[in-house]
Amino acid sequence: MSSISNSFITRRRLLLGLAAWPLASLATTAPKTPTAGFRRWGSGKFRRFGFLIYEATLWAGGDDPLRPPLALELTYKRNISGRDIADASVQEIRNLAAAEEPRLRAWGERMAQIFPDVRPGDRIVGVHLPDAAQFYLNDRSIGAVDDRDFARAFFAIWLDARTSAPDLRAALLERPDA
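Note that the coordinates shown come from a computational prediction; the quantities given were computed from them, not determined experimentally.

Criteria and thresholds
- Residues numbered from 1 in each chain as written.
- Predicted model: local features only at pLDDT ≥ 70, side-chain atom pairs only at ≥ 80, totals over all residues.
- Heavy atoms only, no water.
- Helix = DSSP H or I, 4+ residues; strand = E, 2+ residues; numbered from the N terminus.
- Buried < 20%, exposed > 50% of the residue type's maximum accessible area, 1.4 Å probe, protein only.
- Arc of directions from axis to C-beta.
- Contact = heavy atoms within 4.5 Å.
- Polar contact = N/O pair within 3.5 Å; in protein donor to acceptor, adjacent residues only side chain to side chain.
- Pairing = 2+ DSSP bridges.
- Axes fitted to C-alpha atoms, helices over the stretch in contact; angles between N-to-C directions.
- pLDDT = per-residue confidence, 0-100.
- 1 Å grid on protein atoms, 1.4 Å probe; cavity = no way out; pocket = protein on both sides within 12 Å on 5 of 7 lines; lining within 4 Å.
- Points joined across faces, edges and corners; volume = space filled by probe spheres on them.
- Nonpolar A, V, L, I, M, F, W, Y, C, P; charged D, E, K, R; others polar.

Another aspect to go through is the side chain of Glu73. Residue position: Glu73 is located in strand β3 (residues 70-76). With relative accessibility at 13%, the residue Glu73 sits in the buried group.

Now the structure itself:
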């Protein structure tokens, strides 16, 4: 009787192991990051009134870092509220004359819903797709805006020739060593 129960236990363990085997790869596979499949392009620092606010890195999905798909990674060096990030983004888009006020208000509210308060070391990655913008905090999805015009206007904050931070733009667009 003891050999029958040992045999049953052994078979049961074997079947459970086989059933779990396909899931084992999930436990050892590193999670996909928002910049997976992109090529690191340029990077630079953004300062305001002499204070380092964030470091930025541009990731390109192809040979042209100005065309989607692309990703912009901001690593924050200060505590900033999500509302302040949204308000600053709206102001920059307004300065570029990229949208009318009603649209800016709607985009500002959507960004305020998406952007969390950040602390030093937090990373927000924005991914510019042809028809949308997706956002991640420390590699975790925090939201998206499915609007081609928004995506174009938002990434213009850093990449448009009329940006308020031309030195950062130049550093982001500096072609990396091949």
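Continuing now.
Below, the discussion takes up helix α5 (residues 166-173). For α5, the full list of buried residues reads Leu168, Ala171 and Leu172. Taken end-on, α5 shows its buried residues confined to a sector of 100°, consistent with a single buried face. In α5, the exposed positions angled more than 90 degrees off the buried face are occupied by Pro166 and Asp167. Elements in contact with the buried residues of α5: β1 (39-48), β2 (51-60), β3 and α4 (148-159).

Looking at where Leu104 falls in the secondary structure, it is placed in helix α3 (residues 101-114). Counting along the chain gives 14 residues from Leu104 to Val90, while the straight-line C-alpha distance between them is 6.3 Å. Ignoring any residue separated from it by four or fewer positions in sequence, one finds Leu104 in contact with Val90, Ile93, Arg94 and Ala99.

The residue Asp147 is located in the loop between β6 (140-145) and α4 in this model. Sequence-wise, Asp147 and Ala133 are 14 residues apart; in three dimensions their C-alpha atoms are separated by 7.5 Å. When neighbours within four sequence positions are excluded, Asp147 is seen to be in contact with Arg103, Trp107, Asp131 and Ala132. A polar atom in the side chain of Asp147 sits 3.4 Å from the side chain of Arg103. A polar atom in the side chain of Asp147 sits 3.4 Å from the side chain of Trp107.

Pairing in this open sheet of 6 strands is antiparallel, and the strands run β1-β2-β3-β4-β5-β6 from one edge to the other. This sheet does not close on itself; its edge strands, each paired only once, are β1 and β6. Pairwise comparison of adjacent strand axes, ignoring direction, gives a mean angle of 20° for this sheet. Summarising the sheet, β3 and strand β4 (residues 123-129) pair through 6 bridges and their orientation is antiparallel. The residue bridging Ala71 from the neighbouring strand is Val127, located in β4.

A separate point is the confidence of the model for the protein. As a general rule, the predicted coordinates of low-pLDDT regions are not to be interpreted in detail. In this model, the protein carries a mean pLDDT of 88, and residues with pLDDT of at least 70 account for 81%. Note on residues 14-28: pLDDT is under 50 here. Beyond four places in sequence and across chains, it has 0 contacts.

Moving on, we come to the layout of surface pockets. The space that makes up the largest pocket amounts to roughly 480 Å³. Lining the largest pocket we find 26 residues, and of these Phe46, Ile53, Tyr54, Ile85 and Ala88 sit closest to its centre. Elements with a minimum of two residues in the lining of the largest pocket: β1, β2, β3, α2 (82-95), β4 and α4. With 5 residues, α2 is the single largest residue contributor to the lining of the largest pocket. For the lining of the largest pocket, the per-class residue count stands at 19 nonpolar, 4 polar and 3 charged.

At the junction of Pro68 and Pro69, the peptide bond is cis and its omega measures out at 5° in the coordinates. Tracing the sequence through the fold places Pro69 in the loop between β2 and β3. Positive phi values are uncommon outside glycine, yet Ala97 reaches one of about 55°. Here Ala97 lies in the loop between α2 and α3.

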